[in-house]
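Observations on the model geometry
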Amino acid sequence: MSTPAPTPTIRRPSPQEIDALRKWLESQLNPWWRTGTPFSATFGWADIFAADNWHCIYCGRDLAESEDVLAESTEDHLVPQTLLTTGDAKAHTANNVAACCASCNGLKGPAVPEKDSPAWQSRAAYVTALRAYIDAERASRAAKYRVQAFKARAKRIWNKSDARQKDYL
Ligand SMILES: [Zn+2]
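Residues numbered from 1 in each chain as written. Predicted model: local features only at pLDDT ≥ 70, side-chain atom pairs only at ≥ 80, totals over all residues.

1. Things to note about the overall build of the protein chain
Of the regular secondary structure elements, the protein chain holds 5 helices and 4 strands. Reading the helices (α) and strands (β) of the protein chain from amino to carboxyl end gives β-α-α-α-β-β-α-β-α. Counting across all 169 residues of the protein chain, residues that qualify as buried make up 20%. For the protein chain, the proportion of contacts with a sequence separation of at least 24, taken over those separated by at least 6, is 75%. (Helix = DSSP H or I, 4+ residues; strand = E, 2+ residues; numbered from the N terminus. Buried ≥ 20, exposed ≤ 12 C-beta atoms within 10 Å, placed from the backbone. Contact = placed C-beta atoms within 7 Å.)

Shown next as structure tokens:
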């Protein structure tokens, strides 16, 4: 019977950890995040979005559902650019960039798997691990706002005449 793989730890590295992480990343030979088509005048965000079928790679949101959603969407650098400061443009490759909704990009922030985590071994493992992290961050944020959102909706229903918007609605 095989033991299930442990869930990788993902977090925002402290300023003290960033240097060590950068050195470790630089020491990796031909890693996935430095491969794939490099960005150029003829290869850009639209090609990345097309490769990801115009959906957020983390939550699956349809980024082409409207012009507003597309305008707010982002190109996520899977391995953050701040950790890849070797003075070259190699972080800006198809394999290190993905279509991402504004919400997931904000929740992800600078979080990365810990050094030596199995999540670094492939792009698929990395995306899967980050997706779980973003899901957990989203659930925790929802829990934080649930009570206030509920109270606000209840108040809005019962006190419509008290709302200051009544003067200009
Ligand atoms: Zn998303």
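Structure's up, so let's keep going.
2. Structural notes on the nonpolar core
Within the largest apolar cluster, 27 residues are counted, with the highest numbers of intra-cluster contacts made by Cys-56, Tyr-58, Ala-99, Cys-100, Cys-104 and Leu-130. The element that contributes the greatest number of residues to this core is helix H5 (residues 123–158), accounting for 5 residues. Ignoring sequence-local partners within four residues, the contact set of Ala-99 consists of Ile-48, Phe-49, Asp-52, Trp-54, His-55, Cys-56, Ile-57, Leu-63 and Ser-73. (Core = buried A, V, L, I, M, F, W, Y, C linked by C-beta atoms within 7 Å.)

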